[in-house]
Amino acid sequence: MVKTKNRKKSDRGYESFPVRIIDWKTDYSLSLGKNHRFSEGPYWEHYCLELKGELLGPDRIKGREIKVMFLANRKLDQAIAHPDSIKWEPKALGGLTSRGKNSDFIGSLPFQLFGQILTMLQCDKTKYIVFGGEAMYHGQASIKDVTLTGEFNPEDY
């Protein structure tokens, strides 16, 4: 019989990944979802905010271009409004990957905030995104918090 070691997940610590926003666009679609494979009801909706940016840190990935994709999630609206109704333990808001020249983030934000975020972007009030989460390991990091802000001071993160 082969013995295996019980491997304990190591705590990789916390790391910040600030991004300067260079450009952005948004897409929206709505369709009848009767035959759509992702639909849970009669409608299927897709709302996406895509940003292009420059990573400002940490040093090993600083200066790389990053593609950031936020998907609107109506379930997050309900979970935030009624936290007692959550039947699962959230693990992350999204995932950041940076390998070679490619850096990407994909994650979710509450649907009801998208209008406000677009207004802030249009008025040039939001210039930075700061992701925070597990330190990057093998080019990946689970993101636990997201901050959209007009100013960025590296000492605050």
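Up top is the structure.
Now for a description of the structure that goes with this document.

1. Focus: the sheet that holds strand β2 (residues 43-55)
Next, step 1: The mixed closed barrel is built from seven strands, whose spatial order is β1-β2-β3-β5-β4-β7-β6. With strand direction ignored, the average angle separating the axes of adjacent strands in the sheet is 35°.
Next, step 2: Relative to strand β5 (residues 102-110), strand β4 (residues 94-99) runs antiparallel, the two being bridged by six bridges. Bridged to Gly-95 within β5 is Ile-106.
Next, step 3: Together, β1 (14-32), β2, β3 (65-73), β5 and β7 (140-149) form the strand contacts of helix α2 (residues 114-122), whose direction differs from that of β2 by roughly 35°.

2. Considerations on the pairing of β3
Next, step 1: Note that β2 and β3 share seven bridges and pair antiparallel. The partner of Gly-53 across the bridge, within β3, is Ile-66.
Next, step 2: As defined by bridge partners, β3 adjoins β5 across seven bridges and the pair is classed as parallel. Paired with Ala-72 across the strands is Leu-109, a residue of β5.

3. Section: the environment of Gly-133
Next, step 1: Within the fold, Gly-133 resides in strand β6 (residues 128-134).
Next, step 2: Judged by its relative accessible area of 3%, Gly-133 falls in the buried class.
Next, step 3: Considering only alpha carbons, one finds Gly-133 and Gly-95, 38 residues apart in sequence, at a separation of 9.3 Å.
Next, step 4: Among all residues touching Gly-133, those that are not within four sequence positions of it are Gly-13, Tyr-14, Glu-15, Ser-142, Ile-143 and Lys-144.

What counts as what
Residues numbered from 1 in each chain as written. Predicted model: local features only at pLDDT ≥ 70, side-chain atom pairs only at ≥ 80, totals over all residues. Heavy atoms only, no water. Pairing = 2+ DSSP bridges. Helix = DSSP H or I, 4+ residues; strand = E, 2+ residues; numbered from the N terminus. Axes fitted to C-alpha atoms, helices over the stretch in contact; angles between N-to-C directions. Contact = heavy atoms within 4.5 Å. Buried < 20%, exposed > 50% of the residue type's maximum accessible area, 1.4 Å probe, protein only.

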